[in-house]
4 protein chains.
Amino acid sequence: MLTQFKTIALIGKYASPQMEVTLPQLADYLRALGHEVLIAHNTADQLGLLHQATAELSEIGERADLAVVLGGDGTMLSIARMLVAHDVPLVGVNQGRLGFLTDVPVETMQENLTAILAGEYVTEQRLLLHTEIVRAGETIFSACAFNDVVVSKGGMGRLIEFEAVIDGEFVYSQRSDGLVIATPTGSTAYALSAGGPILHPTLEAFVLVPICAHTLAARPIVVNSHALVELHLVHADDASVHFDGQRQWDIQIGDVVRISRAPKKITLLHPKNYSYYKTLREKLYWGKKL
Amino acid sequence: MLTQFKTIALIGKYASPQMEVTLPQLADYLRALGHEVLIAHNTADQLGLLHQATAELSEIGERADLAVVLGGDGTMLSIARMLVAHDVPLVGVNQGRLGFLTDVPVETMQENLTAILAGEYVTEQRLLLHTEIVRAGETIFSACAFNDVVVSKGGMGRLIEFEAVIDGEFVYSQRSDGLVIATPTGSTAYALSAGGPILHPTLEAFVLVPICAHTLAARPIVVNSHALVELHLVHADDASVHFDGQRQWDIQIGDVVRISRAPKKITLLHPKNYSYYKTLREKLYWGKKL
Amino acid sequence: MLTQFKTIALIGKYASPQMEVTLPQLADYLRALGHEVLIAHNTADQLGLLHQATAELSEIGERADLAVVLGGDGTMLSIARMLVAHDVPLVGVNQGRLGFLTDVPVETMQENLTAILAGEYVTEQRLLLHTEIVRAGETIFSACAFNDVVVSKGGMGRLIEFEAVIDGEFVYSQRSDGLVIATPTGSTAYALSAGGPILHPTLEAFVLVPICAHTLAARPIVVNSHALVELHLVHADDASVHFDGQRQWDIQIGDVVRISRAPKKITLLHPKNYSYYKTLREKLYWGKKL
Amino acid sequence: MLTQFKTIALIGKYASPQMEVTLPQLADYLRALGHEVLIAHNTADQLGLLHQATAELSEIGERADLAVVLGGDGTMLSIARMLVAHDVPLVGVNQGRLGFLTDVPVETMQENLTAILAGEYVTEQRLLLHTEIVRAGETIFSACAFNDVVVSKGGMGRLIEFEAVIDGEFVYSQRSDGLVIATPTGSTAYALSAGGPILHPTLEAFVLVPICAHTLAARPIVVNSHALVELHLVHADDASVHFDGQRQWDIQIGDVVRISRAPKKITLLHPKNYSYYKTLREKLYWGKKL
């Protein structure tokens, strides 16, 4: 197994004092098992570990065979966006509350990782979205999203009007607070609050969920992941596009937001006993078995 | 009937060239019937009618026996907020699309008004909301709303956290995009888009509608109009309070938004054949009689 | 206080072995305090207490100053329907899970009742619905409901079509699985599952909630409790009317279901620390205070 | 092109007098073009066309190269279920209102068919569901569905309780009026009324939509079409399973409803200008282009 995951990167949540103990412990543990350990430079800096082997994220993408992320789902989202062009599988370790993406509890981190390194894991491929913002025919911004792209009204609070075009075909005009375009991963995040369905992670699909649409008959649409979605901003006092709720870009009337699947998927590794539906039940407070 | 509505104010939609013809015509018509006509100063200014009898809105509140508003529902909202302290009944004339508040079509304006002035009308009393924003124990802002008060996230797009307290009792904590507090009048506006119910105008009630709440079990609550609703902002990157979607005030963590019914109601006059449910059907595109 | 609640009726959930111990204990306790105790005849029969003073429900309505119901919300619903013509206040004791109507836990039953009998209580008046089913001009059935009246499709599973008329005015035609008409009390029961809002118990209102309406723009409407709602069944393979989910009457095409508020309200007594919103939070699993 | 669609079957809506003129006309027209025409035996019987070449549906499945269905979506559903084991593509002709499946208007039937027969068409493959009802380990009933399988409460109106298991994994227990399992085709039918999302026809997926679930956090889940969904009926007064709203089978406590994709898809042919999104807009009354 050492051949499979020779070099392991450790990446911690930004500015999280909780991992001062756990992350160095994990580094030691993995080195003791014979792995090369690279600590993300930012993380090492925050934790005073710059004397250990560190690497920038881009370097991690090149050199690591596995990246272990300690933090919450938010950390996983940003790391996944940055590593999506590479082929490094990710393991998410949560430091408290079970996450959709960070399903390994810090308490059982060593056992779980030992098993994963021994080849005892479940693999999941997850879709990401690639977005281009086009103004007057030029791409002025592009970004990736793991959960969702949200086109929304700004701070003035007035609804926006846009036209949705899918694969070149006019779909609808909408006056609303905005629209969430979510991957299966993001379908349990903001899209769910906006009234969207849950998409199983194996689906080659994404979902368009209107936010407070003016038309009462507006409904979420699940489209094929190979669809090209274009949103033409027709009217707005102020509007912006949000990526995983972590990055933001302001748009103007006439701009086109062009969304398609990212060329590569992200690979997640889970312990063998991982169950997507169990996570759903716990996160959404669904009832127990009768 | 002249005794009842001796002085009639005419108020036009801001900067609307459509009424250049209709408003002076209506003024002439009413004067010909023997009424004193006061044109809102702003309206007269825009239409070049400053040579006619004009009055500021505050003066209209004092002197007019009836105010005829030409415009759309948006104009009615702002005029109603400004006249709520007075006892001037309003008639709403729409210049195109039927409104919830502007139910007299401009085409039949003269017939409808003649009938109304002859005592042929239906009276409706409508609730408004009074809001105070309290910071460190001091009221730093107060405003009225006819449709709704919306406490919402700002342009950064991150959800806000607040506690709702009704009549001194803790109701819930909520992480969401915001909360709409709507009157029966406002229940068919933004609150409806956010998933709220329709409240019949005769109800002494208002409704709290969460916007994209993080908790899936969050639901709209209709409360007694005599309730005092207090929203304590617990967490937000940026947040603001919107009044009828027309005025806005930024709030900070720790601020309390205190909402109660306004001391006075607004009186609307409708033609005899007015039907609230007919308006609903037309505006919401409900099906026809089978 | 003995003067206020001299005679106390005890009514148990139908065929519930749990109360074999608690109900006789409570009877003894109340007699020891000097109250006359009447056990509902059915309850006494089931618990082998026919040697104690018993009474039919109609007699309880005449003679008791207070009725204590041991069971769940379902028991409260049926007892309330039967006692609504009388003026006996009710106290609900739950035998396990907190109920919306049965808010006194069996564990603290004696303390809570002692306090209530001493005048330490909160009073709530709750609306009921009165329904008549009219066929060819004749009322062929009438019944009361505390939670809701549900007009619904039958076992064949095909949608029904009906026209809703409120106060003589046509409101809409609807093709749906049915319609829930719920009181504030019932707004947290089936109506909530069907997408309706929560109505605070003090509201003089009821709510019409469509069940899986064919028209996507159909929405719940909250109407004044003084409204007369008439539903005309226009098309159905089979259809029936349900009262609190406990009674049922089949209807045919052409039948009219006429719903209005019952002439009298039911009075509930709660311990002083009763909080409607606290019950909501617990029953709906809303989040805790931040 | 005659080689491609040599033999064409014509199938009419059951007992529909409207097609007395159109269907024989179409038969003559197609014969004049040189095609062999088979009229479904039932249809021929109803229209007095037994002297023409007729065939049972099973024979049509074997012999026809194309089946033209005149009727509405309901007719298409039942014909598709019957022909799914064969490889006959279908064209749907509507006799009035545009259908999701019957998108050729009767008025332009001849032009549209002429073009389709000339190879000017768009092909769509649509998923169907296969259901088995298992009692005590034995399959006691099986059926196909094109739109949806609905497990629901019966005429007594009491909610049912079941456990959902997907690919052998427990997903949730649910107390509700029932559950809709819909194909992409069925996602715009009953599932939509129950709050489900729209699934684009190209998706290899189906959706589970709860009907009036008791748990407020229940949400629609879109699963991979290769999933095996099993619903274990845990409690019910009466319950049944509905297939496309056209067939029905009663189930009992302990029964398992086992749902998976049907082995074969149905092929639909559309005129070249067919647009799924255009149909959506028209059927759902979505707004026009701004």
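### A look at the overall build of chain A
- Of regular secondary structure, chain A possesses seven helices and 21 strands.
- Taken against the 2.2 N^0.38 rule, which gives 19 Å for 290 residues, the C-alpha radius of gyration of chain A at 20 Å falls within 12% of a compact globule.
- C-alpha atoms of chain A, sized along the principal axes, occupy 60 × 50 × 30 Å.
- Within the span of chain A, comprising 290 residues, buried residues form 61% of the whole.
- Here the analysis covers contacts within chain A between residues at least 6 apart in sequence; of these, 67% occur between residues at least 24 apart.
- When the accessible surface of chain A is summed, it comes to about 10,900 Å², and 51% of that surface belongs to carbon and sulfur atoms.
- Each charge class in chain A was averaged separately, 23 positive and 31 negative side chains, and the resulting centres sit 6 Å apart.

### Focus on the environment of Q52 of chain D
All names here are of chain D.
- Looking at the secondary structure, you find Q52 in the loop between α2 (41-47) and β3 (54-55).
- Q52 sits in the buried class, given a relative accessible area of 16%.
- Those residues in contact with Q52 that lie beyond four places of it in its chain are A27, R31 and I39.
- A polar side-chain atom of Q52 sits 2.7 Å from a polar atom in the side chain of R31.

### Digging into the packing of helix α1 (residues 19-32) of chain A against helix α5 (residues 109-117) of chain A
All names here are of chain A.
- Contact pair α1 / α5: the axes reach a minimum separation of 11 Å and the direction vectors enclose 35°. Of the two elements, α1 crosses α5, and the hand of that crossing is right-handed. Every residue of α5 that contacts α1 at T22, Q25, L26, Y29 and L30 is listed here: M109, Q110, L113, T114 and L117.
- Looking at the contact of α1 with α5, its residues break down into six nonpolar, four polar and no charged.

### Structural notes on the interface of chain A and chain D
- With 38 residues of chain A in contact, the opposing surface of chain D contributes 38 residues.
- The contact between chain A and chain D buries some 3,300 Å² in all, and 63% of this surface belongs to carbon and sulfur atoms.
- Where chain A meets chain D, there are zero salt bridges.
- In this structure, the connection of chain A to chain D is made through 16 residue pairs in polar contact (both at pLDDT 80 or more).
- When residues of the side of chain A that touches chain D are traced back to their parent elements, those giving at least two are β11 (160-166), β12 (169-176), β14 (198-199), β16 (221-224) and α7 (276-283) of chain A.
- Classifying every residue of the side of chain A that touches chain D gives 24 nonpolar, five polar and nine charged.
- In this structure, β16 of chain A lies alongside strand β14 (residues 198-199) of chain D, joined through two bridges in parallel fashion. In the sheet register, I221 of chain A faces β14 of chain D, and the bridge partner there is I198 of chain D.

### Here's the deal with helix α1 (residues 19-32) of chain C
Residue and element names in this part refer to chain C.
- Over its 14 residues, α1 extends 19 Å from the first C-alpha to the last, a length consistent with the 20 Å expected when each residue adds 1.5 Å.
- Looking at the packing, one finds that the buried side of α1 touches β1 (7-12), β2 (36-40), α2 (41-47), β4 (66-71) and α5 (109-117).
- Backbone geometry just after α1 places G34 at a positive phi near 100°.

### Focus: the sheet that holds strand β10 (residues 148-153) of chain C
- Taken in spatial order, the seven strands line up as β14(B)-β16(C)-β15(C)-β13(C)-β10(C)-β18(C)-β19(C) in an open sheet, and their pairing is mixed. The open sheet has two edge strands with one neighbour each: β14 (198-199) of chain B together with β19 (247-251) of chain C.
- Pairing geometry for strand β13 (residues 178-182) of chain C and strand β15 (residues 205-211) of chain C, over five bridges, is antiparallel. When the bridges of β15 of chain C are listed, V180 of chain C appears paired with V209 of chain C.

### Here's the deal with unusual backbone geometry
- With a phi angle near 50°, C212 of chain B is a residue other than glycine that sits in the positive phi range.
- Within the fold, C212 of chain B resides in the loop between β15 (205-211) and β16 (221-224).
- With a phi close to 50°, D167 of chain C is a non-glycine residue in the positive phi region.
- On the basis of relative accessibility, which here comes to 52%, the residue D167 of chain C falls in the exposed class.

### A look at the sheet that holds strand β15 (residues 205-211) of chain D
- With respect to topology, seven strands assemble into an open sheet ordered β14(A)-β16(D)-β15(D)-β13(D)-β10(D)-β18(D)-β19(D), the strand pairing being mixed. This sheet does not close on itself; its edge strands, each paired only once, are β14 of chain A together with β19 (247-251) of chain D.
- Relative to β19 of chain D, strand β18 (residues 239-243) of chain D runs antiparallel, the two sharing five bridges. Within β19 of chain D, the residue paired with A239 of chain D across the bridge is I251 of chain D.

### Here we look at the domain arrangement of chain A
Residue and element names in this part refer to chain A.
- With domains assigned, chain A is organised as domain 1 (7-127 + 265-283) and domain 2 (129-261).
- The C-alpha-based centres of domain 1 and domain 2 are spaced at 29 Å.
- Domain 1 puts 18 residues into the contact, and the matching count from domain 2 is 21 residues.
- At the boundary of domain 1 with domain 2, total buried surface from both sides reaches about 1,600 Å², with 64% on carbon and sulfur atoms.
- Contact with domain 2 buries surface across domain 1, with L77, R81 and L127 losing the most and accounting together for 47% of the total.
- Where domain 1 meets domain 2, there are two salt bridges.
- A salt bridge links R81 to D244; the nearest nitrogen and oxygen atoms lie 2.7 Å apart.
- Inspection of the domain 1/domain 2 interface yields five residue pairs in polar contact (both at pLDDT 80 or more).
- Secondary structure elements with two or more residues in the side of domain 1 that touches domain 2: α4 (73-83), β7 (121-126) and α7.
- Tallying contributions element by element places α4 first for the side of domain 1 that touches domain 2, with six residues.

### Concerning the relation of the copies chain A and chain D
- Superposition record for chain A on chain D: RMSD 0.0 Å, screw rotation 180°, translation along axis 0.0 Å. Put plainly, the chains are arranged around a two-fold axis. Within chain A, the C-alpha atom positioned nearest to the axis of rotation is that of P197 of chain A, 3.2 Å from it.

### Examining the pattern of salt bridges
Residue and element names in this part refer to chain A.
- With the rule as written, the count across this model stands at 56 salt bridges over all chains.
- D87 is the partner of K264 in a salt bridge, and the nearest nitrogen-oxygen pair spans 3.0 Å. Linking K264 in the loop between β20 (256-261) and β21 (266-271) with D87 in the loop between α4 and β5 (90-94), this pair joins segments that are 177 residues apart in sequence.
- Taking the relative accessible area as the measure of exposure, K264 reaches 33% and is therefore partly exposed.
- D87 gets classed as exposed once you look at its relative accessible area, which sits at 61%.

### Examining α5 of chain A
Residue and element names in this part refer to chain A.
- M109, N112, L113, I116 and L117 are the residues of α5 that are buried. The buried side chains of α5 occupy one side of the element, clustering within an arc of 130° when seen end-on.
- Directly beyond the C-terminal end of α5, a positive phi value near 90° is found at G119.

### Examining the state of the cysteines
- For the coordinates displayed, the defined rule picks out zero disulfides over all chains.
- C212 of chain A carries a free sulfur, and the closest cysteine sulfur to it, the one in C212 of chain B, is 5.0 Å from it.
- Residue classification places C212 of chain A among the buried positions, given a relative accessible area of 9%.

### Quick notes on the environment of T279 of chain A
All names here are of chain A.
- As for its position among the elements, T279 is in helix α7.
- Note on T279: relative accessible area 6%, which makes it buried.
- Sequence-distant contacts of T279, defined by excluding residues within four places in its chain, comprise L98, G99, F100 and Y274.

Conventions we followed
- Sequence order as written defines residue numbering, which begins from 1 separately in each chain.
- Chain labels run from A onward and ligand labels from 1 onward, assigned in the order the entries are written.
- Local features are withheld for residues below a pLDDT of 70 in this predicted model, meaning they are given only at 70 or higher, and side-chain atom pairs are given and counted only at 80 or more; totals for whole chains, interfaces and linings count all residues.
- Excluding hydrogens and water, the side-chain values take into account all heavy atoms of the structure.
- Secondary structure elements are defined from DSSP: runs of H or I of at least 4 residues count as helices, runs of E of at least 2 residues count as strands, and each element is numbered from the N terminus.
- Only C-alpha atoms enter the radius of gyration, while the globule expectation follows 2.2 Å times N to the 0.38, with N the number of residues.
- Type-normalised accessible area, obtained with a 1.4 Å probe on protein chains alone, sets the label of each residue: buried when under 20%, exposed when over 50%, and partly exposed for intermediate values.
- Any two residues whose heavy atoms approach within 4.5 Å at even a single point are treated as in contact.
- Here the Shrake-Rupley method, with its probe set to 1.4 Å, supplies the accessible areas, and only the displayed protein chains count as covering residues.
- Positive charges come from Lys and Arg alone, negative charges from Asp and Glu alone, with His and the N- and C-terminal ends not counted.
- A charged residue contributes its charge at one atom only: NZ of Lys, CZ of Arg, CG of Asp or CD of Glu.
- Throughout this description, a polar contact denotes any pair of N or O atoms lying within 3.5 Å of each other; where both atoms belong to protein, one of them has to be capable of donating a hydrogen while the other can accept it, and for residues adjacent in sequence the pair is counted only when both atoms sit in side chains.
- Only C-alpha atoms enter the line fits that serve as axes; for helices the fit covers just the stretch in contact. Angles between N-to-C directions range over 0 to 180 degrees.
- Handedness of a helix crossing follows the sense of rotation of the near helix relative to the far helix, less than a right angle counterclockwise being left-handed and clockwise being right-handed.
- Each residue is assigned to one class: nonpolar for Ala, Val, Leu, Ile, Met, Phe, Trp, Tyr, Cys and Pro, charged for Asp, Glu, Lys and Arg, and polar for all the others, Gly among them.
- The term buried area denotes the loss of accessible surface (1.4 Å probe radius) that occurs when two parts are joined, taken as the sum for both partners.
- Take a side-chain nitrogen of Lys or Arg and a carboxyl oxygen of Asp or Glu: if they are within 4 Å of each other, that pair is a salt bridge.
- Here a strand pair is declared whenever DSSP counts at least two bridges between the two strands.
- For a helix, the expected span equals 1.5 Å multiplied by the residue count minus one.
- Residue ranges assigned to the domains are those given by an automatic or database domain assignment.
- Residues below a pLDDT of 70 in either copy are left out; the C-alpha atoms of the rest, at least 70 in both, set the least-squares superposition of the copies.
- For this quantity, the arc is that covered by the directions from the helix axis to the C-beta atoms.
- Disulfide: a pair of cysteine sulfur atoms within 2.5 Å of each other.

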